[in-house]
Amino acid sequence: MQNTPISPDLIEDSNAANAAALEDDYASLGRRLERLGISIDSVKEKARGWSVAVPSWGAGRGGTRFAKFPLAGEPTNIHEKLEDCAVIHQLGRTTPRVSPHFPWDCVEDYAALREEAERYGLGFDAVNSNTFQDQPGQAQTYATGSLSSTVEATRQQAVEHNIACIEIGQKIGSERLTVWVGDGTNFPGQQDLGRSLDRYLDAAAQVYAALPDDWLMMLEHKMFEPAFYSSVISDWGSSLMAAQELGERCKCLVDLGHHAPNVNIEQIVARLHRAGKLGGFHFNDSKYGDDDLDSGSIDPHQLFLVFNELVEAELNPGGGFDPAYMIDQSHNVTDPIESMLSSAEAIAGCYVRALLVDRDALHHAQDSNDVMLAFRTLRAAFETDVSPILAKAREETGGAIDWLKVYRSSKYRERKAQERNAVGLGAGIV
Ligand SMILES: [Mn+2]
């Protein structure tokens, strides 16, 4: 018996009230797409088959370097996070996997945790290691680096932690390890820029050597923060260099927020795919830096252009294309459940819009240097309102047409505020 935190009757009643309007909108969009030679039902089927993972830490309120404002009823442990992730998937139907983070999500019995997730209809995505902060009782500090530390015992500790994450991942059905290190410097001269990368590669190779045969290791680059002068794996060039050196089952993970301002991220996607090294993508949005704002909230056009490349790669897989998609954002002022539902819808919407691009017309316009036609071909897909397709896909799979209304009327968060322990105040960057 599946565990459903939101009453299915509530979803059914709400959907019944919205069904006629959705039918009308879906039929209208269907007629429009038919004139373009596109079957709306086949696009909707692709939408039904598409999914993005949610991060366990995203279920809680995030924070900044300055403060965190807790939400009454927010989750305080992995069990409560799973319950919230189940709500997100129950209403939206696009987020069947949770990406856990260790040691934040450590438990005694991982077989039981896997069963607990399965009862919610959830599985586990990539496991994330953490060598960017110290834990109580830890022998070595990561204050001046982890995998690239100048201290051998610290590097060893970081290697062992990553291997422990792989072992936990095997118990919960994961097949990927995401490695992001905060290693870097805050002062010119603080470390040798070449030798620190050598140390990182040497330690990362030890993690790679422990990778099970059917696993992938994904390297996530980030330009700055917590290190503000230099980061060891700062950009996609460093990431690609490292992934190529480490081996075939090491790939690059692109996080939308981890670049210098105005960088052409869709081009990075195309380049990494060409090299057979696009392992995954972290979705979020930003205005100034790595803001971790909700996906599609600031620049939905950029998100669409990224998906245009991802769909192009999907159609031309070359040596293989199986990227791990995950939402990776910090919800500082909203209910994380609402933010992740909104973000998953925005991301799926960009995927569906990218599916609508007339690829033959685009390629023809590109090859004949018809600049305006190429641009207008892309733009036509971007400007299509695909919300009826997404809503129809949700309705058909038991989700909610109007997920926000159903979620609020369920009073889920209010109930959790009564049941759960309060989260403490304090800074809480995630
Ligand atoms: Mn990320």
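Our subject is the structure listed above.
All values derive from a computational prediction rather than experimental measurement. (Residues numbered from 1 in each chain as written. Predicted model: local features only at pLDDT ≥ 70, side-chain atom pairs only at ≥ 80, totals over all residues.)

Tallying secondary structure elements over the protein chain gives 15 helices and 11 strands in all. Taking 2.2 N^0.38 as the reference for a compact globule, 430 residues should give roughly 22 Å; the C-alpha atoms of the protein chain span a radius of gyration of 22 Å, in line with that estimate. For the C-alpha atoms alone, the extent of the protein chain along its principal axes is close to 65 × 60 × 40 Å. Across the 430 residues in the protein chain, those meeting the buried criterion constitute 45%. Long-range pairs, those at least 24 residues apart, make up 79% of the contacts in the protein chain with a sequence separation of at least 6. (Helix = DSSP H or I, 4+ residues; strand = E, 2+ residues; numbered from the N terminus. Rg over C-alpha atoms; globule rule 2.2 N^0.38 Å. Buried ≥ 20, exposed ≤ 12 C-beta atoms within 10 Å, placed from the backbone. Contact = placed C-beta atoms within 7 Å.)

For the rest of this paragraph, the subject is the pairing of strand E9 (residues 250–255). Along E9, six of the six residues are buried, which leaves the element largely enclosed by surrounding structure. Pairing geometry for E9 and strand E10 (residues 278–283), over four bridges, is parallel. Within E10, the position partnered with Asp 255 by the bridge is His 282. Following the chain from E9 across helix H8 (residues 265–274) to the adjacent parallel E10, one finds a crossover that is right-handed. (Pairing = 2+ DSSP bridges. Right-handed = clockwise from strand over helix to strand, strands pointing away.)

Attention now moves to the sheet that holds strand E11 (residues 324–327). Here six strands make up an open sheet; going across it, the order is E4-E5-E7-E9-E10-E11 and the pairing parallel. The open sheet has two edge strands, strand E4 (127–128) and E11, and neither has a second partner. Where helix H7 (residues 236–246) meets the sheet, it contacts strand E7 (216–220) and E9, and its direction lies at approximately 160° from that of E9. (Axes fitted to C-alpha atoms, helices over the stretch in contact; angles between N-to-C directions.)

One open sheet holds the three strands; their spatial order is E1-E2-E3, and the pairing between them is parallel. Of all the strands in the sheet, the pair left with one neighbour each is strand E1 (54–55) and strand E3 (123–124). Examined bridge by bridge, E1 and strand E2 (residues 97–99) share two bridges and lie parallel to one another. Among the inter-strand pairings, Val 54 is bridged to a residue of E2, identified as Val 98.

The next subject is the environment of Ala 126. Along the chain, Ala 126 falls in the loop between E3 and E4. Its 28 C-beta neighbours within 10 Å are what place Ala 126 among the buried residues. As for Ala 126 and Met 372, which are separated by 246 residues in sequence, their C-alpha atoms are 41 Å apart. The contacts of Ala 126, once residues within four sequence positions are left out, are Ser 99, Ser 174, Arg 176, Leu 177, Thr 178, Met 218, Gly 280 and Ala 324.

As a further point, take helix H10 (residues 336–356). In a regular helix each residue adds 1.5 Å, so 21 residues correspond to 30 Å; H10 covers 30 Å between its end C-alpha atoms and thus fits that length. Of all 21 residues that make up H10, 18 are buried, and the element is covered over most of its length. (Expected span 1.5 Å × (residues − 1).)

Next up on the list: unusual backbone geometry. Here the residue pair Phe 102 and Pro 103 is connected by a cis peptide bond, since its omega of 15° sits within 30 degrees of zero. Structurally, Pro 103 is set in the loop between E2 and helix H4 (110–119). Backbone torsion omega between Glu 225 and Pro 226 reads 10°, so that peptide bond is classified as cis. Within the secondary structure, Pro 226 is located in the loop between E7 and strand E8 (230–231). Of note in the backbone geometry, Glu 225 takes a positive phi value of approximately 75° without being a glycine. Of note, Glu 225 is situated in the loop between E7 and E8. Given 15 C-beta atoms within 10 Å, Glu 225 falls into the partly exposed group. Its identity is not glycine, yet Lys 411 carries a phi of approximately 55°, on the positive side. Locating Lys 411 in the fold gives a position in the loop between helix H14 (403–410) and helix H15 (412–419). Of the residues examined, Lys 411 has 10 C-beta atoms within 10 Å and is grouped as exposed.

Before going further, it helps to spend a moment on helix H2 (residues 40–49). Those residues of H2 that fall on the buried side of the exposure criterion are Ile 40, Val 43, Lys 44 and Ala 47. The buried residues of H2 occupy an angular sector of 100° when projected down its axis, which confines them to one face. Relative to its buried face, H2 has exposed residues pointing more than 90 degrees away, namely Asp 41, Ser 42 and Gly 49. As for H2, its buried residues are in contact with helix H1 (8–35), H10 and helix H13 (387–396). (Arc of directions from axis to C-beta.)

Let us now look at the packing of H4 against helix H5 (residues 152–172). Contact pair H4 / H5: the axes reach a minimum separation of 8 Å and the direction vectors enclose 50°. Classed by the angle they form, the pair H4 and H5 counts as oblique. Along this stretch, H4 crosses H5, giving a crossing that reads as right-handed. Across the interface between the two elements, Tyr 110, Ala 111, Leu 113 and Arg 114 from H4 touch Ile 168, Lys 171 and Ile 172 from H5. Partitioning the contact of H4 with H5 into residue classes produces five nonpolar, no polar and two charged. (Parallel < 35°, antiparallel > 145°, perpendicular 65-115°, else oblique. Left-handed = near helix turned anticlockwise from the far one by under 90°. Nonpolar A, V, L, I, M, F, W, Y, C, P; charged D, E, K, R; others polar.)

A few words on the packing of H1 against H13. Between H1 and H13, the least distance of the axes is 9 Å, while the angle of their chain directions is 135°. Here H1 lies oblique to H13, going by the angle between them. The way H1 lies across H13 gives a crossing that is left-handed. Seen from H1, the contacting residues are Asn 15, Leu 22, Asp 25, Tyr 26 and Leu 29; seen from H13, they are Pro 388, Ile 389, Ala 391, Lys 392 and Glu 395. Among the residues making up the contact of H1 with H13, the classes are represented as six nonpolar, one polar and three charged.

To continue, consider the pairing of E7. Counting buried residues in E7 gives four out of five residues, a clear majority hidden from the surface. Summarising the sheet, strand E5 (residues 176–179) and E7 pair through four bridges and their orientation is parallel. Following the sheet pairing, Thr 178 is matched in E7 by Met 218. Relative to E9, E7 is paired through four bridges, and the arrangement is parallel.

Such coordinate-based values are descriptive only and should not be taken to indicate function.
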